[in-house]
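What follows is each chain in one-letter form.
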Amino acid sequence: MLKFATNIMFILIIFVLATSLPLSTDILTLNLSQPIIENPDESPVVVVSDITIESSSDYMITDGNLSFSLISSTEQFPEDLLSHFTLNLIGNKSQGSTLPLDQVAQMSPNSVGTTREYTVDLRSVLESLPEDYFIVQIAPDKDYALTQNSESLEHMASTYDFGFIYNGTSNVLPSGVIGMTLYYPTPDYEMLVPVTRAVPTPDNRWRSLYTQLAGGSKPGLGLIEGDQVIPHSPNIRISNGIANVYLYSQSLTGFEDKFSVITESIAQSMLSMGFISDVNFLVNDSDTGSFGDVDLSKSYANGNSVIGYVGYNSNSEYAFLMPLTKIIGPDIQIPDRINEIWNILKFNDSEMTYSEEWIQLVPPQVEMIDFNLEGDLLTLNLNEVFNTITTTESVESKMLIDSLIYSFTSITEVNRIKITVDGNTPTNPELATELVPPPYINMEP
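Residues numbered from 1 in each chain as written. Predicted model: local features only at pLDDT ≥ 70, side-chain atom pairs only at ≥ 80, totals over all residues. Heavy atoms only, no water.

**So, the packing of aromatic side chains**
So, step 1. With the rule as written, the count across this model stands at 10 aromatic pairs.
So, step 2. Residues phenylalanine 281 and tyrosine 300 carry aromatic rings whose centres are separated by 5.5 Å and whose planes lie at 85 degrees to one another, so their mutual orientation is edge-to-face. Here phenylalanine 281, found in strand E14 (residues 278-283), pairs with tyrosine 300, found in strand E17 (residues 300-301); they are 19 residues apart in sequence, far enough to count as distant.
So, step 3. Judged by centre distance (5.6 Å) and plane angle (45 degrees), the ring pair of tyrosine 309 and tyrosine 406 falls under tilted. You can see tyrosine 309 sitting in strand E18 (residues 305-312) and its partner tyrosine 406 sitting in helix H9 (residues 395-408), a full 97 residues away along the chain. (Phe/Tyr/Trp six-rings, centres within 6.5 Å; stacked < 30°, edge-to-face > 60°. Helix = DSSP H or I, 4+ residues; strand = E, 2+ residues; numbered from the N terminus.)

Have a look at this one:
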């Protein structure tokens, strides 16, 4: 009886436990194929979130070395980082070049942490390019995710060395001679370069001038040479300040496609003497119709044009100021003429194609803040960079100053110019006074 009662109590206890604690099938399932992880790895995955570019070089690179840094938002850098950047050299007058950055940049051993420092030897990169001012740009690939928020880095560099001779200008000549400014064509008969030659005072200055011009420039100047660089004229008649130049078919053979430059050469040379106001050309005694691409009814005079004087050097040890003339309408106001000239000097005139032989004398970093015209005096207010390149007696400085004087006094209403820097007197004492154009430009060696 006692054994029976004990069994009943055991069954009741099991029944109570079974109804108060629900069973889970997971507890009863044992899967030996699942791995057992004792120490799970909870360290974060490091991701480079952004790469930016910074530079320690000046805006204008003069020592030939470009220094820059690539900065990561973490200390992680992809191994192929530089392959996603290019070095772009954008010329102001030339095509320039594009190079993969990983071919020209060297990493500094000082690179630590989130910054990698690099240098590029620009001298070796630029030595194969023509003389020009270049925008030196380091640019990331547009589709490279790590540089989506990084802008291109830009500097300026120059391949001009100004290692030539510039004879400059003059206000006086020795007694017994006169100065003849001869507008010689360039060897390709595309442009004209004025050269002042001292000539013993002749009996007939107009015939002497024509003969001097026809005989070409002195050898080695990079200008036109020869015994007859313009056609012979048997007759030059001058009356009431008007010159009539007579030309005939027998002397024009071979000059047909150069006739516009030739007539401009003769006319500008004559007009530079000061007495003549107009020059006309007659072919076979006729001043009607046309010859080559020249309208013979056209009279050459100092008319509606703006002139910017740039540099010229062509396979020679000598450099000259060269006028770039742009015809404008008579209704163009003086402020617009001033801006037109500034664009020409900065090689920013979209209507002009600038040749490799031409020298940009106003560097890109020199800016005209404003200007003011009072009477015949034009004041040009330039930025501080102007001081840094005109404090010495360098060829670059002399040519730049002469360029500004001749360019802006080519405006009929302007006879004098004054230069200020941020409203103050320039550091070069020669620029503390008003400037007028000397009568003799580009003195012949």
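**Some details on the pattern of salt bridges**
So, step 1. Following the criterion strictly, the structure yields 10 salt bridges and no others.
So, step 2. For glutamate 444, the salt bridge goes to lysine 218, with nearest N and O atoms at 4.0 Å. One end of the pair, glutamate 444, is in the segment after strand E23 (416-421); the other, lysine 218, is in the loop between helix H4 (205-214) and strand E12 (235-239), and 226 residues separate them in sequence.
So, step 3. For glutamate 434, the salt bridge identified is with arginine 416, shortest N-O distance 2.6 Å. In this pair, glutamate 434 is assigned in the segment after E23 and arginine 416 in strand E23, connecting sequence segments 18 residues apart.
So, step 4. Given the relative accessible area of 39%, glutamate 434 is considered partly exposed.
So, step 5. Each of the salt bridges in this network shares a partner with another, and the network as a whole consists of Lys326, Glu340, Asp349 and Glu351. (Salt bridge = Lys/Arg side-chain N within 4 Å of Asp/Glu carboxyl O. Buried < 20%, exposed > 50% of the residue type's maximum accessible area, 1.4 Å probe, protein only.)

**Description of the sheet that holds strand E9 (residues 153-158)**
Strand pairs in the sheet, formed through backbone hydrogen bonds, run parallel or antiparallel to each other.
So, step 1. Taken together, the five strands give an open sheet; going across it, the order is E2-E9-E8-E4-E5, and neighbouring strands pair in mixed fashion. Each edge of the sheet is formed by a strand with only one pairing partner; in this case those strands are strand E2 (60-61) and strand E5 (97-100).
So, step 2. With six bridges joining them, strand E8 (residues 133-140) and E9 adopt antiparallel strand pairing. The partner of isoleucine 138 across the bridge, within E9, is leucine 153. (Pairing = 2+ DSSP bridges.)

**Points about the confidence of the model for the protein**
So, step 1. Taken over all residues, the pLDDT of the protein has a mean of 89, while the share at 70 or more is 89%.
So, step 2. Counting contacts from residues 43-47, a segment whose pLDDT is below 50, to residues more than four positions away or on other chains yields three contacts. (pLDDT = per-residue confidence, 0-100. Contact = heavy atoms within 4.5 Å.)

**Quick look at the side chain of serine 57**
So, step 1. Within the secondary structure, serine 57 sits in the loop between strand E1 (51-55) and E2.
So, step 2. On the basis of relative accessible area, serine 57 is assigned to the buried category, the value being 18%.
So, step 3. Side-chain polar atoms of serine 57 contact the backbone nitrogen of serine 67, separated by 2.8 Å. (Polar contact = N/O pair within 3.5 Å; in protein donor to acceptor, adjacent residues only side chain to side chain.)

**Overview of the packing of H4 against helix H6 (residues 259-271)**
So, step 1. The contact between H4 and H6 brings their axes to 11 Å, and the two run at 135 degrees. As the angle between them shows, H4 and H6 are arranged oblique. In terms of crossing hand, the pair formed by H4 and H6 is right-handed. Judged by residue contacts, Trp206, Leu209, Tyr210 and Leu213 of H4 engage Ser265, Ile266, Ser269 and Met270 from H6.
So, step 2. When the residues that make up the contact of H4 with H6 are grouped by side-chain class, the tally is six nonpolar, two polar and no charged. (Axes fitted to C-alpha atoms, helices over the stretch in contact; angles between N-to-C directions. Parallel < 35°, antiparallel > 145°, perpendicular 65-115°, else oblique. Left-handed = near helix turned anticlockwise from the far one by under 90°. Nonpolar A, V, L, I, M, F, W, Y, C, P; charged D, E, K, R; others polar.)

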